[in-house]
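Residue strings, one per chain:
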Amino acid sequence: MPHIDSNTRLYAVLGSPVSHSLSPVMHNAAFRQTGHNGVYVAFEVTDLPGAVAAIQALNIGGCSVTLPHKVAVMELLDHVDPMARQIGAVNTIVNQAGRLGGFNSDSPGAMAALLEKTPIAHRKVAVIGAGGAARALAHGVKLNGGRLTIVNRSLENGRRLAGQLECDFCPLDDFSGLGCDILINTTSVGMRPHTDRMPVAHACLRPGMTVMDIVYNPLETQLLKASREAGCTVVDGVAMFVHQGAIQFERWTGKKAPVQLMKKTVLDALGKKST
């Protein structure tokens, strides 16, 4: 248990639902490791304006923002970082002496996880999906010099996102994996309880490809299992989750995040959840 006193700073995740969030266990472990006098909790939030007002009223140090609030929260903050504004989503709030700043750590967190395994610059990168996560990761790919293609089942949504990002679009049914260096799944396909599903066919997975899945429960999705068997390098969802959390931690505390401890904590928690 953390030592709580009158100087302990409160942090939280705001979302609905949040009962399965692993952010509290990860951030509290990081606070303990670094000696930061803070406690991180999960708040089930349906009244978002009330929750944001409470951050200021109670002098909460910072918050993670998860579904369904990442877009709506932007208009309630004093300042939104230009990158988060471009992505169109905020997942991190920092209380800067009563002024609330909004940031996006999903995009740089995902890129940090990917860069551990492969360069991105000049690589052909296919991003599956056209939602908020796809937008964040696609933005990161472009920022890192990747040659981006959006792959999506819905032609309208896929073409719209590709148009906004000024990149290529490929309908999911036409995707063969040919010439693709990096494949990133940003959809929920393969997440519990539908763990037998994959967003692409086995034939799209080619040796030498790097395949990333942002789903982290189960840790090894059907896509990652098939990719490993096909001779691909794989990047699991925990890597992105931990790196985006590390960026949040550093924004809140000004201290270097204990990334390996955070990863071990999340993996241990996932292990307990799956048994």
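Residues numbered from 1 in each chain as written. Predicted model: local features only at pLDDT ≥ 70, side-chain atom pairs only at ≥ 80, totals over all residues. Heavy atoms only, no water.

A. Highlighting the overall build of the protein. Helix and strand content of the protein: nine helices and 12 strands. Relative to the globule expectation of 19 Å for 275 residues, the C-alpha radius of gyration of the protein, 19 Å, shows essentially globular dimensions. By its C-alpha atoms, the protein is 60 × 40 × 30 Å across when sized along the principal axes. Buried positions account for 49% of the 275 residues belonging to the protein. Sequence-distant contacts in the protein: of pairs separated by 6 or more residues, those separated by 24 or more amount to 64%. Of the charged side chains in the protein, 26 are positive and 21 negative, and the gap between their average positions amounts to 4 Å. (Helix = DSSP H or I, 4+ residues; strand = E, 2+ residues; numbered from the N terminus. Rg over C-alpha atoms; globule rule 2.2 N^0.38 Å. Buried < 20%, exposed > 50% of the residue type's maximum accessible area, 1.4 Å probe, protein only. Contact = heavy atoms within 4.5 Å. Lys, Arg positive; Asp, Glu negative; His and termini not counted. Charge placed at Lys NZ, Arg CZ, Asp CG, Glu CD.)

B. Molecular detail of the packing of aromatic side chains. In the structure shown here, the tally under the stated rule is five aromatic pairs. Put simply, the rings of Tyr11, Phe31, Tyr40, Phe249 and Trp252 pair up and form one aromatic cluster. In this structure, Arg251 packs its charged tip against the face of Phe103, placed 3.8 Å from the ring centre. (Phe/Tyr/Trp six-rings, centres within 6.5 Å; stacked < 30°, edge-to-face > 60°. Lys NZ or Arg CZ within 6 Å of the ring centre and 35° of its normal.)

C. Structural view of the pairing of strand β2 (residues 38–44). As judged from the seven bridges shared by strand β1 (residues 9–15) and β2, these two strands associate in the parallel manner. Looking across to β2, one finds that Arg9 is bridged to Gly38. Between β1 and its parallel partner β2, the chain crosses via helix α1 (residues 23–34), and the hand of that crossover is right-handed. (Pairing = 2+ DSSP bridges. Right-handed = clockwise from strand over helix to strand, strands pointing away.)

D. Representation of the sheet that holds strand β4 (residues 79–80) within the structure. Read across the open sheet, the six strands follow the order β2-β1-β3-β5-β6-β4; overall the sheet is mixed. Sheet topology places β2 and β4 at the edges, where each strand pairs with a single neighbour. Where β1 and strand β3 (residues 62–65) come together, four bridges link them in parallel fashion. Looking at the pairing, Leu14 lines up with Val65 of β3. On top of the sheet, α1 reaches β1, β2 and β3; it is set at about 170 degrees to β2, its chief contact. (Axes fitted to C-alpha atoms, helices over the stretch in contact; angles between N-to-C directions.)

E. Region of interest: the state of the cysteines. Evaluation of the coordinates by the stated rule reveals zero disulfides. Free of any disulfide, Cys180 has its nearest cysteine sulfur in Cys204, 9.2 Å distant. Judged by relative accessible area, Cys180 falls into the buried class, the value being 12%. Between Cys204, a free cysteine, and Cys170, which holds the nearest cysteine sulfur, the sulfur-to-sulfur gap is 9.0 Å. (Disulfide = S-S within 2.5 Å.)

F. Fine view of the nonpolar core. Counting residues in each nonpolar core, the largest one holds 28 residues, and the members touching the most others are Leu137, Leu148, Ile150, Ile184 and Met212. Broken down by secondary-structure element, the contributors of at least two residues to this core are α4 (106–115), β7 (124–128), α5 (132–143), β8 (147–152), α6 (155–165), β10 (182–185) and α8 (237–253). The residues touching Met212, leaving out its near neighbours within four places in the chain, are Ala110, Ala113, Leu114, Leu183, Ile184, Asn185, Val235 and Met240. Listed in part, the 21 residues of the second largest apolar core include Val94, Val266, Ala269 and Leu270. (Core = buried A, V, L, I, M, F, W, Y, C linked by side-chain atoms within 4.5 Å.)

G. Local environment of the pattern of salt bridges. What the rule picks out here adds up to seven salt bridges. Close ionic contact of Arg228 with Glu220 constitutes a salt bridge, the shortest N to O distance being 2.9 Å. Taking the relative accessible area as the measure of exposure, Arg228 reaches 49% and is therefore partly exposed. With a shortest N-O distance of 2.8 Å, Asp268 and Lys264 are connected by a salt bridge. With Asp268 and Lys264 both in helix α9 (residues 259–274), this residue pair falls four residues apart, about one helical turn. Assessed through its relative accessible area of 37%, Asp268 is described here as partly exposed. (Salt bridge = Lys/Arg side-chain N within 4 Å of Asp/Glu carboxyl O.)

Keep in mind that these numbers describe shape and distance, not what the molecule does.
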